[in-house]
Amino acid sequence: MKTIQLETPGTFREIDEPEPKRLSSEALVRVHRIGVCGTDIHAFHGRQPFFEYPRILGHELGVEILEVDQNEQNLQAGDRCSVEPYMNDVDSPASRSGKTNCCESLNVIGVHSDGGMRPLITVPVHKLHKSNSLSFEQLALIETICIGAHGIERSMLKEGENILIVGTGPIGLGAIQFAMSLGSRVIVADISEERLTFCRDVIKVKHTLKADDSEFENQLRSACGGNLPQVVLDATGNRFSMQRAFTLAAHGGRIVFVGLLMGDIAFDDPNFHKRELTLMASRNATPDTFKKVISAVESGAIDTEPWITHRLKLLEIPEKFEATIAESNLIKAIIDTD
Ligand SMILES: [Zn+2]
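Rules of the game
- Residues numbered from 1 in each chain as written.
- Predicted model: local features only at pLDDT ≥ 70, side-chain atom pairs only at ≥ 80, totals over all residues.
- Helix = DSSP H or I, 4+ residues; strand = E, 2+ residues; numbered from the N terminus.
- Rg over C-alpha atoms; globule rule 2.2 N^0.38 Å.
- Buried ≥ 20, exposed ≤ 12 C-beta atoms within 10 Å, placed from the backbone.
- Contact = placed C-beta atoms within 7 Å.
- Axes fitted to C-alpha atoms, helices over the stretch in contact; angles between N-to-C directions.
- Parallel < 35°, antiparallel > 145°, perpendicular 65-115°, else oblique.
- Left-handed = near helix turned anticlockwise from the far one by under 90°.
- Nonpolar A, V, L, I, M, F, W, Y, C, P; charged D, E, K, R; others polar.
- Expected span 1.5 Å × (residues − 1).
- Bend = angle between axes of the 7 residues up to and from the residue.
- Core = buried A, V, L, I, M, F, W, Y, C linked by C-beta atoms within 7 Å.
- Domains from an automatic or database assignment.
- Pairing = 2+ DSSP bridges.
- Right-handed = clockwise from strand over helix to strand, strands pointing away.

Caption draft 1: Looking closely at the overall build of the chain. Summing up its helical and strand segments, the chain has 10 helices and 17 strands in all. A globule of 338 residues ought to have a C-alpha radius of gyration of about 20 Å, and the chain, at 20 Å, matches this closely. Expressed as a percentage of the 338 residues in the chain, the buried residues total 44%. Considering only contacts in the chain between residues 6 or more positions apart, those separated by 24 or more positions represent 66%.

Here it is as structure tokens:
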């Protein structure tokens with residue numbers, strides 16, 4: 001079967017692969033749509049740490065079950081599913097405490113092992129999340145939304161609290177839409193005026209702030225009714241932005257880093273202490289988050305349609321990937337394997 005492999009940084013090639021053989025605990029699935037993620041882009045540019053080449057990318061997957069044994073979830077051939085791509089060791093302490101998203105030997109398909117840029121793959125049955133009412137395109141976006149949604153869950157955001165979400169890439173957008181679907185007051189910051197306009201006009205965010213405005217803190221206070229927000233969620237991966245979060249969260253507040261930075265973060269301890277801040281990392285998502293996000297997309301509380309700015313076919317990747325990811329209006333590219 002025709003498969004697209006990232007051979008070395010900067011070079012995709014088409015290879016011919018045998019069809020996969022499934023174990024009884026796995027389903028054989030057809031990959032219909034694949035979301036292109038920041039991770040894929042970093043891998044292409046050779047900037048993804050601890051990344052091994054060659055690798056078949058693709059971890060945001062909308063799939064159809066072709067073959068599966070009888071199973072507890074009642075999944076059957078023909079079902080449409082989103083894939084939870086985080087393969088965890090079920091016996092690890094983290095997994096046993098429910099944190100299947102961050103176990104010590106976590107293996108993400110399409111990142112640490114080969115993923116879905118090919119027509120057929122096998123997936124452990126319990127890593128499939130079904131929704132026969134969503135399109136394959138919507139199912140391919142579930143994983144990205146889950147990353148943002150998990151950040152919101154980590155933040156323990158309560159009704160009536162204000163949250164500042166910094167960064168409006170796909171992860172930030174997932175966090176924004178999930179927080180809005182919970183009825184929270186969301187303030188969004190970014191340095192891109194174009195992205196902020198998108199958030200106001202399309203996502204219907206009431207409060208958007210230019211992150212590099214010299215009056216930023218005052219504007220933030222006024223958007224929150226005079227005080228700083230209880231929660232700051234950073235989805236930028238930018239050192240300045242992440243360090244500034246310590247000065248933007250209210251006293252007693254929480255900071256969640258969904259974005260990832262290669263290096264150290266420094267903060268002023270007296271400020272951290274004085275505010276009694278809680279700092280949290282947020283990595284991947286849990287099966288429960290997949291279920292919640294699927295329901296929110298099914299009900300229309302989260303609309304993924306406006307995110308998709310680019311579409312390309314699987315076999316066009318070697319030729320078109322680089323130009324596509326370089327486009328300035330890129331939010332989300334979707335690969336069609338049909
Ligand atoms: Zn991703």
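Caption draft 2: Main features of unusual backbone geometry. Residue Pro54 is bonded to the preceding Tyr53 through a cis peptide linkage, with omega at -5°. Counting through the fold element by element, Pro54 comes out in the loop between helix H1 (38-45) and strand S4 (60-67). Unusually for a residue other than glycine, Lys204 sits at a positive phi of about 65°. Examined against the element boundaries, Lys204 turns out to sit in the loop between helix H5 (193-201) and strand S12 (207-210). For Lys204, a count of 11 C-beta atoms within 10 Å puts it in the exposed group. Residues other than glycine seldom take positive phi values, yet Glu276 does so here, at roughly 45°. By secondary structure assignment, the location of Glu276 is in the loop between helix H8 (269-275) and strand S15 (278-281).

Caption draft 3: The arrangement of the environment of Gly38 in detail. Mapped onto the elements of the fold, Gly38 is located in helix H1. Considered as a pair, Gly38 and Arg185 are 147 residues apart in the sequence and their alpha carbons are 27 Å apart.

Caption draft 4: Region of the structure containing the packing of helix H3 (residues 136-155) against helix H4 (residues 170-181). Close contact between H3 and H4 brings their axes to 7 Å; oriented N to C, the two are set at 60°. Classified by the interaxial angle, the pair formed by H3 and H4 is oblique. For the crossing formed where H3 meets H4, the hand is right-handed. Here Thr144, Ile145, Ile147, Gly148, Ala149, Gly151 and Ile152 of H3 lie close against H4, whose contacting residues are Pro170, Ile171, Gly172, Leu173, Gly174, Ala175, Gln177, Phe178 and Ala179. Split by residue class, the contact of H3 with H4 holds 10 nonpolar, 6 polar and no charged.

Caption draft 5: Region of the structure containing H3. Look at H3: 30 Å from first C-alpha to last across 20 residues, which is about the 28 Å you get at 1.5 Å a residue. By the largest-angle criterion, Ile142 marks the main kink of H3, which is about 35°. Burial analysis of H3 places 17 of its 20 residues in the buried class, which makes it a mostly covered element. Immediately beyond the C-terminal end of H3, within one or two residues, lies Met156, with a positive phi of roughly 55°.

Caption draft 6: Structural detail: the packing of H3 against helix H9 (residues 287-299). Between H3 and H9, the shortest axis-to-axis distance is 9 Å and the interhelical angle comes to 115°. Handedness of the crossing formed by H3 with H9: right-handed. For the pair formed by H3 and H9, the contact residues are Gln138, Ile142, Ile145, Cys146, Ala149, His150 and Glu153 on the first element and Thr289, Phe290, Lys292, Val293, Ile294 and Val297 on the second. Classifying every residue of the contact of H3 with H9 by side-chain character gives 8 nonpolar, 3 polar and 2 charged.

Caption draft 7: Spatial organisation of the nonpolar core. Core analysis: the largest hydrophobic core is formed by 86 residues, its most contacted members being Ile165, Ala175, Ile176 and Ala179. The element best represented in this core is H3, accounting for 10 residues. Two domains share this core, each providing at least three of its residues, namely domain 1 (2-130 + 304-336) and domain 2 (147-281). Not counting residues within four places of it along the chain, the set of residues in contact with Ile165 comprises Gly172, Ala175, Ile176, Ala179, Val186, Val188, Leu233 and Ala235.

Caption draft 8: Local environment of the sheet that holds S15. An order of S12-S11-S10-S13-S14-S15 is seen for the 6 strands of this open sheet, with the pairing classed as parallel. The open sheet is flanked by S12 and S15, the only strands paired with a single partner. Direction aside, the axes of adjacent strands within the sheet are offset by 20° on average. Relative to strand S10 (residues 162-166), H4 is tilted by about 165°, and along the sheet it contacts S10, strand S11 (185-190) and strand S13 (231-234). Across the sheet, helix H6 (residues 216-223) lies against S10, S11 and S12, angled at about 175° from S12, the strand it touches most.

Caption draft 9: Expanded view of the pairing of strand S14 (residues 254-257). Residues Arg254 and Val256 line one face of S14 and the alternating positions Ile255 and Phe257 line the opposite face, and both faces are buried. Pairing between S13 and S14: 4 bridges, direction parallel. Bridged to Asp234 within S14 is Phe257. Note that the unit made of S13, helix H7 (residues 239-248) and S14 has a crossover that is right-handed. In terms of strand pairing, S14 meets S15 through 4 bridges, oriented parallel. Bridge pairing in S15 places Ile255 opposite Leu279. On the question of chirality, the crossover connecting S14 to the parallel S15 by way of H8 is right-handed.

Caption draft 10: Highlighting the environment of Cys81. In this fold, Cys81 is placed in strand S5 (residues 80-83). Classification of Cys81 by C-beta neighbours within 10 Å gives buried; the count is 28. Sequence-wise, Cys81 and Leu61 are 20 residues apart; in three dimensions their C-alpha atoms are separated by 8.3 Å. For Cys81, the residues in contact, after removing those within four places along its chain, are Val63, Ile65, Leu128, His129, Lys130 and Leu139.

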